[in-house]
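Here's the letter readout for the chains.
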Amino acid sequence: MSYKVEFLSQAEVCAIYQCLDGHIHLKYRTLDIAMDSCDFQQVAEVFVEALRVLQQIEEPVNEEIDLQNMDTRAKV
């Protein structure tokens, strides 16, 4: 018996796909987590927020402003 799935996204070690029952699966190596669309949305939001935090840690925002070298043009 063959199972058909629709891959929504995939990479070398992970994938996100939807099965025929409508569940969204998050597969990481041998781990396969099935969830409904509401749960998936919450999981996706957590991943996005974690990425934002990691990017801020890796690339700290420089809040110093160099007013002397700032390109400013007078409006008339």
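On a predicted model such as this, the values are computed, not experimentally measured, just so you know.

What counts and what doesn't
- Residues numbered from 1 in each chain as written.
- Predicted model: local features only at pLDDT ≥ 70, side-chain atom pairs only at ≥ 80, totals over all residues.
- Heavy atoms only, no water.
- Helix = DSSP H or I, 4+ residues; strand = E, 2+ residues; numbered from the N terminus.
- Buried < 20%, exposed > 50% of the residue type's maximum accessible area, 1.4 Å probe, protein only.
- Contact = heavy atoms within 4.5 Å.
- Polar contact = N/O pair within 3.5 Å; in protein donor to acceptor, adjacent residues only side chain to side chain.
- Pairing = 2+ DSSP bridges.
- Axes fitted to C-alpha atoms, helices over the stretch in contact; angles between N-to-C directions.
- Salt bridge = Lys/Arg side-chain N within 4 Å of Asp/Glu carboxyl O.

For the chain, the helix and strand inventory stands at one helix and four strands. Counting only residues that meet the buried cut, the chain has 9% of its 76 residues in that class. Counted over contacts in the chain with a minimum sequence separation of 6, partners at least 24 positions apart contribute 2%.

Within the element layout of this structure, Asp 32 appears in strand 4 (residues 31–35). We classify Asp 32 as partly exposed; its relative accessible area is 35%. Residues Asp 32 and Cys 14, 18 residues apart in the sequence, show an inter-C-alpha distance of 9.4 Å. If we skip the residues at most four places from it in the chain, Asp 32 touches Tyr 17, His 25, Leu 26 and Lys 27. A polar atom in the side chain of Asp 32 sits 2.5 Å from the side chain of Tyr 17. Within polar-contact distance, the side chain of Asp 32 engages the side chain of His 25 at 2.9 Å.

Right, let's get into the sheet that holds strand 3 (residues 24–28). Taken in spatial order, the four strands of this open sheet run 1-2-3-4, and their pairing is antiparallel. Strand pairing shows two members of the sheet lacking a second neighbour, strand 1 (5–10) and strand 4, which therefore form its edges. Neighbour-to-neighbour, the strand axes of the sheet open up by a mean angle of 25°, direction not taken into account. Where strand 3 lies against strand 4, five bridges are found, and the strand directions are antiparallel. Among the inter-strand pairings, Ile 24 is bridged to a residue of strand 4, identified as Met 35.

Counting across every chain of the model gives one salt bridge. One salt bridge in this structure joins Glu 49 and Arg 52, with 3.6 Å as the shortest N-O distance. Taken together, the positions of Glu 49 and Arg 52, both in helix 1 (residues 37–58) and three residues apart, correspond to about one turn of that helix. Take Arg 52: its relative accessible area is 48%, and that puts it in the partly exposed class.

Along the chain, His 25 falls in strand 3. On the basis of relative accessible area, His 25 is assigned to the buried category, the value being 13%. Beyond its immediate sequence surroundings of up to four residues, His 25 is in contact with Ala 15, Ile 16, Tyr 17, Cys 19, Asp 32, Ile 33 and Ala 34.

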